[in-house]
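These are the residues of each chain, in order.
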Amino acid sequence: MRPASFLLFFLSYFSLFAQSAVLQSGPMVGYSEMTEVQLWVQTKEVAKIHFNFWEKGSNPSDMRTSASIRTEADQAFTAKVTLSDLMPGKTYEYRLFINDQELKFPYPTEFQTQVLWQWRTDPPNFKIAVGSCSYINEPKFDRPGKGYGGEYEIFESIHEQAPDAMVWLGDNTYLREVDWYTQSGIFHRYTHTRSTKEIQPLLASTHHYAIWDDHDFGPNDSDRSFIHKDKTLDAFERFWANPTTGIPQMEGGITTQFKWGDIDFFLLDDRYFRSPNNCKTCEPTIMGEAQFNWLIEALTTSRAPFKIVAIGGQVLSTAEVYENYAHHHKRERALLLKRIEKEGIKNVVFLTGDRHHTELSKLVNDAGNTLYDITVSPLTSGVARSKNEVNDNRVPNTLVHQHNYGILEFSGPRLERQLKISIYSTQSELLWTQTIVSEAK
């Protein structure tokens, strides 16, 4: 190799290595619509990022380039890039560029747009991964003794399932004592969790949606009185790429909604408006009046064969323990279930986490409609010791006490949709499966 050629090769290789060293975490695929998708990435320092993308299998000349965004320290060096004017029902490949240098990854970097199926075909079959309670050890800030987190390879197992999307059900990161009271501490914790090596392939080609619970909102069992909930709200918005952060009817919170295929997903906030558990003179609430009313109205409007309601804590469990809806907020729980019953809303499925065990709960209301609560927990955090806990609504043989995740598969013709729930161990051993058939409207 000639000296000049060698120098050019060396400079090119060094530049590529330098930009790889600037990458902190990601890229991550966020929400997906028929003609629009959002991508997310985090760098270690101020940098310029953009993406090239093209329809998979198309001519390279059809490649498009996104807008360039500069990452900044006061935004935790995160960036979200919206790609629009896409074609429905397509898979796209993408490449990340940092400071105009392309980064290469040993796993797929792809996203998909949703299918335009209405008035044309039956709705698409698809699958959604679910899980909660993801603790990543950092010994210098953890409690003394054995690390609370473990088996991070569960994220690789989820990736191998090739879900279309994943819904994170809260406690997606665990803020520690050193994090709670500063923006820099909160950013550090989110960054530390998001940078986990085993999670990167999952981020890069599965669409991600999230809610939060107490540990990514603030201290354990935290509520609306947490003085820095504005800071954790800002961090949530910077590290996730949901369709919205909040809804027009409310000021604050992370509530949002999305549709995948023919299924409506309602992502609720169980912290920002929550009354303190032990306040004797407060009106007990988890959702707050505005969010509660929005949910009921949105459920009555929905024509989806399944209405998936994601919220941090268990709804249908009758165990009056910890932060189950049946414990400190049983009045609002009763009102929620009664409103669903009186409105005749069918096919409501709650998605919950928090409890460090997994189980399926089932309730048939006085209108004859069946409600379900799929609790999936934990991903990597400690496992609960709740084997003797009495939940009158538990479906037999669904209680799991080990690290696990769930796969929800929606399938069938438009008027005969089914939801298959499968719970897997860290190593993807099938622990149990149940199928729910949509009740006729």
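Reading the values: rules and limits
Residue numbering note: each chain is counted from 1, following its sequence as written. Selection of residues for local features in this predicted model requires a pLDDT of at least 70, selection of side-chain atom pairs for listing and counting requires 80 or more, and totals for whole chains, interfaces and linings are taken over all residues. Calculated side-chain values reflect all of the structure's heavy atoms, with hydrogen atoms and water omitted. For the purposes of this entry, the term helix denotes a DSSP run of H or I that reaches at least four residues, the term strand denotes a run of E that reaches at least two, and both are numbered from the N terminus. In this setup the radius of gyration rests on C-alpha atoms only. A globule is expected at 2.2 Å times the number of residues raised to 0.38. The classification of residues rests on relative accessible area computed with a 1.4 Å probe and restricted to protein chains. Under 20% of the type maximum is buried, over 50% is exposed, and intermediate values are partly exposed. Any two residues whose heavy atoms approach within 4.5 Å are treated as being in contact. In these tables, accessible area is a Shrake-Rupley quantity obtained with a 1.4 Å probe, and a residue counts as shielded only by the protein chains included in the view. The sign given to each residue is positive for Lys and Arg and negative for Asp and Glu; His and the chain ends receive no count. The location of each charge is read from NZ of Lys, CZ of Arg, CG of Asp or CD of Glu. Take the residue count of a helix, subtract one, and multiply by 1.5 Å to get its expected span. In plain words, nonpolar cores are sets of buried Ala, Val, Leu, Ile, Met, Phe, Trp, Tyr and Cys residues tied together by side-chain atoms within 4.5 Å. Salt bridges, as used here, are contacts in which a Lys or Arg side-chain nitrogen is within 4 Å of a carboxyl oxygen on Asp or Glu. Each Phe, Tyr or Trp ring (for Trp, its six-membered ring) is paired with any other whose centre lies within 6.5 Å, and the angle between the two planes then decides the class: stacked below 30 degrees, edge-to-face above 60, tilted in between. When the NZ atom of lysine or the CZ atom of arginine is within 6 Å of a ring's centre and also within 35 degrees of its normal, the charge is said to sit over that ring. For two strands to be treated as a pair, DSSP must find no fewer than two bridges joining them. The angle between two axes is taken between their N-to-C directions and runs from 0 to 180 degrees, where each axis is a line fitted to C-alpha atoms and a helix contributes only its stretch in contact.

### Thoughts on the overall build of the chain
Okay, so step 1: In terms of helices and strands, the chain carries eight helices and 21 strands.
Okay, so step 2: Radius of gyration (C-alpha) of the chain: 22 Å, near the 22 Å computed for a compact globule of 441 residues.
Okay, so step 3: Oriented by its inertia axes, the alpha-carbon framework of the chain measures out at about 80 × 55 × 40 Å.
Okay, so step 4: Looking at the chain as a whole, 56% of its 441 residues qualify as buried.
Okay, so step 5: Taking as baseline every contact in the chain between residues at least 6 positions apart, the subset at least 24 positions apart corresponds to 68%.
Okay, so step 6: As displayed, the chain offers around 19000 Å² of accessible surface, 51% of which is attributable to carbon and sulfur atoms.
Okay, so step 7: Placing the 45 positive and 55 negative side-chain charges of the chain at their respective mean positions leaves the two points 1 Å apart.

### Quick notes on helix α3 (residues 183-194)
Okay, so step 1: Helix length check: α3 (12 residues) gives 16 Å between terminal C-alpha atoms against 16 Å at 1.5 Å per residue, within 8%.
Okay, so step 2: Buried within α3 are the following residues: G185, I186, F187, R189, Y190, T191, T193 and R194.
Okay, so step 3: Residues of α3 that are buried sit in contact with β1 (23-32), β2 (37-43), α4 (200-205), α5 (214-217) and α6 (229-239).

### With respect to the nonpolar core
Okay, so step 1: If you look at the biggest cluster of nonpolar residues, it comprises 92 residues, and the most contacted ones within it are L336 and F410.
Okay, so step 2: Sort the elements by how many residues they give to this core and helix α7 (residues 289-301) lands first, with six residues.
Okay, so step 3: Beyond its immediate sequence surroundings of up to four residues, F410 is in contact with P124, N125, F126, I128, I263, F265, F306, I308, R417, Q418 and L419.
Okay, so step 4: If you look at the next biggest cluster of nonpolar residues, it comprises 22 residues, including V22, V41, F53 and L86.

### Details of the pattern of salt bridges
Okay, so step 1: Overall, the coordinates contain 24 salt bridges when judged by the stated rule.
Okay, so step 2: With a closest N to O distance of 2.8 Å, E72 and R70 form a salt bridge.
Okay, so step 3: For E72, a relative accessible area of 27% gives the class partly exposed.
Okay, so step 4: Among the residues examined, R70 registers a relative accessible area of 53% and is labelled exposed.
Okay, so step 5: Close ionic contact of E93 with R95 constitutes a salt bridge, the shortest N to O distance being 3.8 Å.
Okay, so step 6: On the accessibility criterion, R95 (24% relative accessible area) is partly exposed.

### Things to note about the packing of aromatic side chains
Aromatic rings considered in pairs are described by the distance between their centres and by the relative angle of their planes.
Okay, so step 1: The tally for this structure, following the rule as stated, stands at 27 aromatic pairs.
Okay, so step 2: With centroids separated by 3.7 Å and ring planes inclined at 10°, the aromatic side chains of Y209 and F258 adopt a geometry described as stacked. Of the two residues, Y209 sits in strand β12 (residues 207-211) while F258 sits in strand β13 (residues 256-260), which places them 49 residues apart along the sequence. We note that Y209, like F258, is buried.
Okay, so step 3: Between F265 and F410, the aromatic rings sit 6.2 Å apart at their centres with planes inclined by 80°, giving edge-to-face as the arrangement. Note that F265 is positioned in strand β14 (residues 263-267) and F410 in strand β19 (residues 404-411), a separation of 145 residues in sequence.
Okay, so step 4: One aromatic cluster is present, formed by F126, Y209, F258, W260, F265, F306 and F410 through successive ring pairs.
Okay, so step 5: Its end group placed over the ring of W40, R194 keeps NZ or CZ at 4.6 Å from the ring centre.
Okay, so step 6: Sitting above the plane of the Y272 ring, K229 keeps its charged end 4.1 Å from the centroid.

### Section: the sheet that holds strand β16 (residues 348-352)
Picture the strands of a sheet paired through backbone hydrogen bonds; they go either parallel or antiparallel.
Okay, so step 1: Ordered by their spatial adjacency, six strands build an open sheet running β13-β14-β15-β16-β18-β17, and the pairing between neighbours is mixed. The two strands at the open ends of the sheet, each matched to only one other strand, are β13 and β17 (359-364). Each strand axis lies, on average, 20° off the axis of its neighbour in the sheet, ignoring direction.
Okay, so step 2: Strands β16, β17 and β18 (370-375) of the sheet are contacted by helix α8 (residues 330-342), whose axis makes an angle of about 155° with β16.

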